[in-house]
Amino acid sequence: MSDRPAPTHKEAGGSARGASLADKLARVGVLRDEDLVLHLPLRYEDHTRLVPLARVRAGATVQTEGVVANAEIQYRPRRQLVCLLRDAERRDATLTLRFFSFYPSHQKALTQGARIRVYGDVRDGYFGPEIVHPQFRVVHEDTPLPDRLTPVYPSTAGLSQDVLRKAVERALAADAARTAEVLPEDLLRRRDLWSFADALRFLHAPPPRLSAGAQKALDERTHPAWTRIKFDELLAQQLSLKAHRKARASRRAPVLTGTGALTRALLERIPFKLTRAQQRVWHEIGHDLRRGVPMQRLLQGDVGSGKTIVAALAALQAIESGKQVAFMAPTEILAEQHYRKLQSWLSGVGVEIAWLSGSLPAKARRKAAEALESGAAHFAIGTHALFQEGVALPRLGLAIIDEQHRFGVAQRLALRDKGMTEAHQLMMSATPIPRTLAMTFYADLDVSMLDEMPPGRTPVATRLVSQRRRAEIIAWVGKACREGRQAYWVCPLIEESEKLELQTAVALHAELTRAFAAPETQGPVSGATAAPATSSPGTLAAVPAARPIVVGLVHGRMKPDEKAATMEAFARGDIGVLVATTVIEVGVDIPNASIMVIEHAERFGLAQLHQLRGRVGRGAAESSCVLLFEEPLTDTARQRLKVIYETSDGFEIARQDLLIRGPGEFLGARQSGVPLLRFADLERDVALIEQARDAADELLKTDPAAAMRHLDRWLGARQAFIKA
Ligand code: ADP
Ligand code: MG
């Protein structure tokens, strides 16, 4: 293997442009020469055949040759270089080449009489077949054709395929160690895997005229050559996970024995008894905290299963042990709610809580930060701004991350690898992890499961109602709220435009305010006429009390204190109907609210619908969720609504969700732009993941040195994964 310091790409691009070539290669993930070996093609072009120019037809992708009959710059309709090629023998056969962007070098090459080999998509032009922006080169009559398919590599602006191809070729040829086998022969043979060198040779330069089956397998990345590469990638991932787990086991974290004083106080103050599941997971977490090894545990439990109280108990155990705790939530509203709830649960027991959020006034922020830094405050609650903006928690013992799935894998790994390594970590999520992710990106976590709901919950009745019947729903909600119930009314999701979403929220608020201001909304739901405010309590069932309905509004653009005030008014019962954007999607817990109306439910994802519906059914009252949908429905929208209608089990919903849209969303890679796996596909390569997991165990046992070499080959440039 090359011992030269990386990155050194001078060999590939000439010394003058060496530095910038290295930059461009870094942009496509190539940091060392040996990484080029694993820079694999996206697809291939067949340059091994020539179609006679006379037989070039529109609609095909072809390679052909001809002689330049004419080349000139034309100005209409816009500036362009147009070149007419003629067949060398059949002078009547022509092909037009059209370039809208071109350099003097193009004009120079396309001189009259030059023999040109071109490759591209043929379309019908005004003067017969033409190719826009073809690949081309000047050739002689006897210039040989390549005998292999031409790879097309992932690239970036200013990095041409030619340069990349040459760089890869050179990297492959420069050092045999780069393609040498590092895995034991026997391990490969038993799994029927190709050798590393064969797989690379094949993928960088496949032979032409493959059988239809082999070509399809190559394109779909199911060919044995791809299988070997994907296996290697997954094996590297498994090895790094195991390395990480092992490294964690050897690290020290504070031993949080606790005294039991605060946790006991909390258990006495809450108005309910822990469920058996809560007791069990609390026990698991409590045990971890005492071990002196950093905990990395995921607490999984469906929406409403009662994760917050478990987190609070864990926090108190840490605080009893003289440590600080950070509790982080993905939204301001949720963080604020946690803050209020914990304040009320813990008032008078001597736990100082600091509230931190991104939009706190500077002075309040500074005060909170100082209290934490001096150790006067024990418990920091806030949004992730808490961690991002350098708030120091000198005695941090435990970090709690609520709604972890909102943060994505990349963020989790970043957090894992940042200075939080000395603290215990508790992550919470209502979204069950798909099996493939549990085997891969989450395999280094321990998992606790809250598989029991607190008692006394009534199932939420879900109704699917066409938007056409919206007026009836307004009337029905009006009646229910006059009787003292409370409702969320979720605005339609408008993903393209936050501004439009805001306008919609404001308009909806105005509309409902108007609708509910009328003394009695006429609807088909009730035959009752307007009832006097002083209606006798004895006739409760028949006559709704004419309570005025206050309609509130909460959305992401509001100031945090306005948001908080609105949520509080809703929690107090001063607001009857709360018009809301998805800011209320996760975590919000207002047990008295028992109606959820979601407009244009067809636009929401399954996980979102489940989370939104989970905002109701938290108290003893019978709860309803009305999903208003607009017709016509797409197939996937119909599927989603069917699932949400038929089941309320979060795990089943997550399973269906995965079937409908795949695990990509869970990775959060889309937001972060970090490609976590380059070749393997978590959905399609489940069997390979299992093989790789077994192979990782085997390799670590039988040949740890080979495991290290393999990791270096695959992750040398991506140290983040093995850095413990
Ligand atoms: P989630 O798991 O979705 O975060 P929460 O922690 O918000 O759920 O709990 C949902 C509601 O259930 C809260 O109002 C909480 O106080 C209540 N709760 C939690 N545990 C119990 C229990 N054992 N018995 C009754 N109510 C409970
Ligand atoms: Mg919660």
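Above: the structure in question.
An account of the accompanying structure is given in this report.

Cut-off values and rules
- Residues numbered from 1 in each chain as written.
- Chains lettered and ligands numbered in written order.
- Predicted model: local features only at pLDDT ≥ 70, side-chain atom pairs only at ≥ 80, totals over all residues.
- Heavy atoms only, no water.
- Patch = residues over 30% accessible without salt bridge, like charges linked within 9 Å, V, L, I, M, F, W, Y side chains within 5 Å.
- Areas by Shrake-Rupley, 256 points an atom, 1.4 Å probe, with all protein chains shown as cover.
- Salt bridge = Lys/Arg side-chain N within 4 Å of Asp/Glu carboxyl O.
- Helix = DSSP H or I, 4+ residues; strand = E, 2+ residues; numbered from the N terminus.
- Buried < 20%, exposed > 50% of the residue type's maximum accessible area, 1.4 Å probe, protein only.
- Lys, Arg positive; Asp, Glu negative; His and termini not counted.
- Pairing = 2+ DSSP bridges.
- Axes fitted to C-alpha atoms, helices over the stretch in contact; angles between N-to-C directions.
- Contact = heavy atoms within 4.5 Å.
- Polar contact = N/O pair within 3.5 Å; in protein donor to acceptor, adjacent residues only side chain to side chain.
- Phe/Tyr/Trp six-rings, centres within 6.5 Å; stacked < 30°, edge-to-face > 60°.
- Near = heavy atom within 4 Å.

Together, Val447, Met449 and Phe651 line one region of the surface with nonpolar side chains, adding up to about 230 Å² of accessible area. Looking at the secondary structure, you find phenylalanine 651 in helix α23 (residues 650-661).

A few words now on the side chain of glutamate 332. Tracing the sequence through the fold places glutamate 332 in helix α13 (residues 332-346). Within the buried core, glutamate 332 has no salt-bridge partner, and the shortest N-O distance to an opposite charge, that of lysine 563, equals 5.3 Å.

Bringing the pattern of salt bridges into the picture now. Per the stated rule, a full pass over the model turns up 36 salt bridges. We note a salt bridge from lysine 216 to glutamate 220, for which the minimum N-O separation is 3.8 Å. Arginine 470 is the partner of glutamate 599 in a salt bridge, and the nearest nitrogen-oxygen pair spans 2.9 Å. Within this pair, whereas glutamate 599 is found in the loop between β20 (593-598) and α21 (606-613), its partner arginine 470 is found in helix α18 (residues 470-482), the two being separated by 129 residues in sequence. Among the residues examined, arginine 470 registers a relative accessible area of 15% and is labelled buried. Each of the salt bridges in this network shares a partner with another, and the network as a whole consists of Arg280, Glu284, Asp288, Arg297 and Asp451.

With that settled, consider the sheet that holds strand β16 (residues 460-466). Spatially, six strands are ordered β16-β21-β20-β17-β19-β18 in an open sheet, and the strand pairing comes out parallel. One side of each edge strand has no neighbouring strand; the edge strands of this open sheet are β16 and β18 (551-554). On average, each strand axis in the sheet is tilted by 20° relative to the strand beside it, whichever way the strands run. Relative to β20, strand β17 (residues 486-490) is paired through five bridges, and the arrangement is parallel. Looking at β20, one finds that valine 490 is bridged to isoleucine 598. The strands that α18 touches are β16, β17, β19 (577-580), β20 and β21 (623-629); relative to β17, the one it contacts most, it runs at about 150°.

Turning to the side chain of threonine 64, a few remarks are in order. The residue threonine 64 is located in strand β2 (residues 61-74) in this model. With a relative accessible area of 0%, threonine 64 lands in the buried category. Only 2.6 Å separates the side chain of threonine 64 from the backbone oxygen of valine 51, close enough to count as a polar contact. In contact with threonine 64, not counting residues within four places along its chain, are Leu50, Val51, Pro52, Leu53, Val56, Leu95, Ile116, Arg117 and Val118.

With six of six residues buried, strand β13 (residues 396-401) is to be regarded as a mostly interior element. Here five bridges tie strand β10 (residues 324-329) to β13, and the two strands are oriented parallel to one another. When the bridges of β13 are listed, valine 325 appears paired with leucine 398. Pairing of β13 with strand β14 (residues 424-429) involves four bridges; the strand directions are parallel. Note on β14: the bridge partner recorded for alanine 399 is glutamine 425.

Let's shift gears to the packing of aromatic side chains. Both the distance between ring centres and the angle between the ring planes are used here to describe each pair of aromatic rings. For the structure on display, the rule yields seven aromatic pairs. For the ring pair tryptophan 194 and phenylalanine 202, a centre distance of 5.6 Å and an interplane angle of 90° mean the geometry is edge-to-face. Measuring from centroid to centroid gives 5.1 Å for tyrosine 488 and phenylalanine 570, while their planes differ by 65°, and the two rings are edge-to-face. Residue tyrosine 488 is found in strand β17, and its partner phenylalanine 570 is found in helix α20 (residues 560-572); the two are separated by 82 residues along the sequence. Neither residue differs from the other here; tyrosine 488 and phenylalanine 570 are each classed as buried. Three or more aromatic residues joined by ring pairs form one cluster here, namely Trp226, Phe679 and Trp714.

With that out of the way, let us pick up the site of ligand 1. The environment of ligand 1 is formed by 17 residues, the closest being Lys273, Gly304, Thr308, Arg457 and Asp589. Here glycine 304 contributes a backbone N or O atom positioned 2.6 Å from an oxygen atom of ligand 1. At a separation of 3.0 Å, an oxygen atom of ligand 1 approaches a polar backbone atom of glycine 306. A total of 570 Å² of accessible area belongs to ligand 1 in isolation, and the protein chains cover 89% of it.

Assignment of secondary structure puts glutamine 486 in strand β17. Among the residues examined, glutamine 486 registers a relative accessible area of 3% and is labelled buried. Once the C-alpha coordinates of glutamine 486 and valine 577 are considered, the two residues, 91 residues apart in sequence, prove to be 5.8 Å apart. There is a polar contact of 2.8 Å between the side chain of glutamine 486 and the backbone oxygen of isoleucine 575.

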